[in-house]
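Here are the chains, one letter per residue:
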Amino acid sequence: MIWFIVKRLSMLIPILFGISLLTFLLIRLAPGDPAEAYLRLSHIPPTNQAIQEMNVKLGLDKPLIVQYVDWLGKVVRLDFGNSYVSKQPVWDELMLYFPATLQLTITAVILTVCISVPIGIFSALYKDSMFDHLSRILSFVGASMPTFWLGFLFMYFFSIKLDLLPVVGRGSLAHLVLPSLTLAFAYISTYTRLLRTSMLENLHQPFVFYARVRGLQERVIIGRHVLKMALLPVVTAFGMTIGNMLTGAFIVESIFAWPGLGRFFVSALSHRDYPVVQSCILLMGGIFVVCNLLVDIGYGLLDPRIRWKGER
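Residues numbered from 1 in each chain as written. Predicted model: local features only at pLDDT ≥ 70, side-chain atom pairs only at ≥ 80, totals over all residues. Heavy atoms only, no water.

An unreviewed UniProt entry annotates the protein as Nickel import system permease protein NikB originating from Brevibacillus porteri. As recorded by UniProt, the Subunit (unreviewed entry) comment attached to the protein reads in full: "The complex is composed of two ATP-binding proteins (NikD and NikE), two transmembrane proteins (NikB and NikC) and a solute-binding protein (NikA)." In its Sequence similarities (unreviewed entry) section, UniProt records this for the protein: "Belongs to the binding-protein-dependent transport system permease family. OppBC subfamily." (UniProt positions renumbered as here; feature names shortened; annotations may be inferred.)

Q: I keep staring at the overall build of the protein and nothing clicks. Help me out?
A: When helices and strands are counted, the protein shows 14 helices and 0 strands. Secondary structure elements of the protein, listed N to C terminal, follow the sequence α-α-α-α-α-α-α-α-α-α-α-α-α-α. Seen along its three principal axes, the alpha-carbon backbone of the protein occupies a region of about 85 × 60 × 30 Å. Counting every position in the protein, which comprises 312 residues, the buried fraction comes to 40%. Within the protein, counting contacts between residues at least 6 apart in sequence, those at least 24 apart form 74% of the total. In the form shown here, the protein has an accessible surface area of approximately 17,200 Å², with 69% of it arising from carbon and sulfur atoms. (Helix = DSSP H or I, 4+ residues; strand = E, 2+ residues; numbered from the N terminus. Buried < 20%, exposed > 50% of the residue type's maximum accessible area, 1.4 Å probe, protein only. Contact = heavy atoms within 4.5 Å. Areas by Shrake-Rupley, 256 points an atom, 1.4 Å probe, with all protein chains shown as cover.)

Q: Where do I start with the packing of aromatic side chains in this structure?
A: Any two aromatic rings considered together are summarised by their centre-to-centre distance and by the angle between their planes. Taken as a whole, this structure holds 11 aromatic pairs when the rule is applied. The interplanar angle of 75° and the centroid separation of 6.1 Å between the aromatic rings of F17 and Y68 together place this pair among those described as edge-to-face. Of the two residues, F17 sits in helix α2 (residues 12–29) while Y68 sits in helix α5 (residues 64–76), which places them 51 residues apart along the sequence. Assessed through its relative accessible area of 45%, F17 is described here as partly exposed. Aromatic side chains F122 and Y126 sit 6.2 Å apart centroid to centroid with 10° between the ring planes, which places their arrangement in the stacked category. Counting every residue linked through ring pairs, the aromatic cluster contains F17, F24, Y68 and W71. (Phe/Tyr/Trp six-rings, centres within 6.5 Å; stacked < 30°, edge-to-face > 60°.)

Q: Help me understand the pattern of salt bridges, please; the structure alone is not making it clear to me.
A: Side-chain pairs of opposite charge can arise where the charged atoms are in close proximity. Summed over the entire model, instances satisfying the criterion amount to 2 salt bridges. D70 serves as the salt-bridge partner of K62, at 3.6 Å between the closest nitrogen and oxygen. According to the relative accessible area criterion, K62 is partly exposed, its value standing at 40%. Classification of D70 as partly exposed rests on a relative accessible area of 35%. R196 is the partner of D132 in a salt bridge, and the nearest nitrogen-oxygen pair spans 2.8 Å. In this pair, D132 sits in helix α7 (residues 130–144) while R196 sits in helix α9 (residues 174–203), placing the two residues 64 residues apart along the sequence. Overall, D132 belongs to the buried group, its relative accessible area being 0%. (Salt bridge = Lys/Arg side-chain N within 4 Å of Asp/Glu carboxyl O.)

Q: What should I look at first to understand the packing of helix α6 (residues 90–125) against α7 in this one?
A: Running from amino to carboxyl end, α6 crosses α7 at an angle of 135°, the nearest separation of the two axes being 8 Å. The angle between the axes of α6 and α7 places the two elements in the oblique class. Once α6 is placed against α7, the crossing between them reads as left-handed. Contacts from I119, F122 and S123 of α6 reach α7 at F131, D132 and S135. For the contact of α6 with α7, the residue count by class is 3 nonpolar, 2 polar and 1 charged. (Axes fitted to C-alpha atoms, helices over the stretch in contact; angles between N-to-C directions. Parallel < 35°, antiparallel > 145°, perpendicular 65-115°, else oblique. Left-handed = near helix turned anticlockwise from the far one by under 90°. Nonpolar A, V, L, I, M, F, W, Y, C, P; charged D, E, K, R; others polar.)

Q: Got a minute to help me understand unusual backbone geometry in this structure?
A: Glycine aside, the phi torsion of most residues is negative, and most peptide linkages are trans. For D128, which is not a glycine, the phi torsion comes out positive at approximately 65°. Summarising the element assignment, D128 is placed in the loop between α6 and α7. Overall, the relative accessible area of 48% leaves D128 in the partly exposed class. Despite not being glycine, D163 shows a phi value in the positive range, around 55°. Mapped onto the elements of the fold, D163 is located in the loop between α8 (147–161) and α9.

Q: Honestly, the side chain of T105 in this entry has me stumped. Any pointers?
A: By the secondary structure assignment, T105 is in helix α6. Take T105: its relative accessible area is 3%, and that puts it in the buried class. Residues within four places of T105 in sequence aside, it is in contact with L183, I242, M245 and L246.

Q: Honestly, the UniProt feature "transmembrane region" (unreviewed entry) in the protein in this entry has me stumped. Any pointers?
A: Here, UniProt's "transmembrane region" (unreviewed entry) annotation points to residues 104–125, 137–160, 172–190, 229–256 and 276–302. A helix fraction of 100% and a strand fraction of 0% characterise residues 104–125, whose end C-alpha atoms lie 32 Å from each other. Between the C-alpha atoms that bound residues 137–160 there is a distance of 27 Å. The span itself is 92% helix and 0% strand.

Have a look at this one:
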């Protein structure tokens, strides 16, 4: 298992390098002049001379390869430069807003697991029952409804009509309910259907028949064997889901005025704050890679055959 993890970790280096290169090139190809944007945000008239001087100050007059090497060397030391708007280090501002986004994402993940797993299991065990039909209807509704529209519906019913939960902001646990539920709702629908389908496929596998012949109790067969195999596709998709939640939280944060990385990123885009935009994209890409690494490790723990092939 240790060699399996080491092999997966070694694959991170070229992937992270590719993400950094792609991020750097995308920002450089974006419309607009970073020097001019910096001058406008600093309330300095963007004359030709001022733009030239700012290009020299920001190092934009150097060849692209030199700019990339200089930038990558600073990124390795967690130096992402200073924001054009606040003039503060970008890393400090990321660490100021990221905990709120992480709190929202973790809560949404917990809701997704705690709701979708039991519903998916019971829908498979009681196939074509009333419970199964209701779960299928809710799954279709949740998967087809846009996140922003669902957020407005929750806000209207639970905050304005019923006055049960606060509308916007971050404070008590009550402020966390609507944003996290909005973020998790579509994934609850997806994983309910995915786990149900996987459970039904594994319930008809030969190992289930032989386990029953051996006299194992049904709860042992379901809990120790069927569920373990049925979780493999769920775990695979979950690695992408966590990254999608972090990036999808941008919409939810804007709706509920949640002071997280999403609102910070949207604000940086509107102000053309290039160092912040570049750092946010790189951070999100790194999180995607790490989440998929954890999924690979979890996959190896659930199915020793995968771990054995990876070690070979």
